[in-house]
Amino acid sequence: KEAQADAAGALWNLACGNADNAVAIAKAGAIPPLVRLLTSGSEEAQGNAAAVLSILACRNADNAVAIAKAGAIPPLVELLISGSKKAQAKAAGALWN
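None of these values were measured; they are calculated from a predicted model.

Visitor: Break down the overall build of the protein for me, with residues and values.
Guide: Of regular secondary structure, the protein possesses 7 helices and 0 strands. Taken from the N to the C terminus, the helices and strands of the protein come in the order α-α-α-α-α-α-α. Radius of gyration (C-alpha) of the protein: 12 Å, near the 13 Å computed for a compact globule of 97 residues. Sequence-distant contacts, at least 24 apart, represent 57% of the contacts inside the protein between residues at least 6 apart. For the protein, the computed accessible surface area is about 5,300 Å², with 58% contributed by carbon and sulfur atoms. Taking the average location of the 8 positive side-chain charges in the protein and that of its 7 negative ones, the two points are 5 Å from each other.

Visitor: Kindly report on the nonpolar core, identifying the contributing residues and their values.
Guide: The biggest cluster of nonpolar side chains holds 27 residues, and the ones touching the most others in it are L34, L38, L53 and L56. Of all the elements in the fold, those that place two or more residues in this core are α1 (2-15), α2 (19-27), α3 (31-40), α4 (43-57), α6 (73-82) and α7 (85-96). Broken down by element, the residue count for this core peaks at 8 residues, all from α4. When sequence neighbours within four positions are dropped, the list of residues in contact with L34 reads A8, L11, A49, V52, L53 and L56.

Visitor: I'd like a description of α7, backed by residues and values.
Guide: Compared with the 16 Å implied by 1.5 Å per residue over 12 residues, the 16 Å span of α7 between its first and last C-alpha is a close match. Looking only at α7, the buried set comprises A87, A91 and A94. Each buried residue of α7 lies within a common arc of 60 degrees when the element is viewed along its axis, so the set occupies one face. For α7, the exposed residues lying more than 90 degrees away from the buried face are K85, K86, A89 and W96. Check the buried side of α7 and you find it contacts α4 and α6.

Thresholds, definitions, all that
Residues numbered from 1 in each chain as written. Predicted model: local features only at pLDDT ≥ 70, side-chain atom pairs only at ≥ 80, totals over all residues. Heavy atoms only, no water. Helix = DSSP H or I, 4+ residues; strand = E, 2+ residues; numbered from the N terminus. Rg over C-alpha atoms; globule rule 2.2 N^0.38 Å. Contact = heavy atoms within 4.5 Å. Areas by Shrake-Rupley, 256 points an atom, 1.4 Å probe, with all protein chains shown as cover. Lys, Arg positive; Asp, Glu negative; His and termini not counted. Charge placed at Lys NZ, Arg CZ, Asp CG, Glu CD. Core = buried A, V, L, I, M, F, W, Y, C linked by side-chain atoms within 4.5 Å. Buried < 20%, exposed > 50% of the residue type's maximum accessible area, 1.4 Å probe, protein only. Expected span 1.5 Å × (residues − 1). Arc of directions from axis to C-beta.

This is the structure in structure tokens:
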């Protein structure tokens, strides 16, 4: 589980502030596994996955649609309701975008 959190964190680092990387990450198929982490990962992995999804969706309508189609909205709402404070903030950011 720690490796999943680290992998999601690495994707966040790659996507943060780099729109080309955000597109490449989505095209590489990262969205479905990130959505799965929202419900099956450790608390840290869930928060990191929400953070990556937030960045992928930010100012990218295609990624936002792909994230919604992958089923991210219900688990993000669940994190918003019952996640840790950190996960709640990251889930809110993902839902905002």
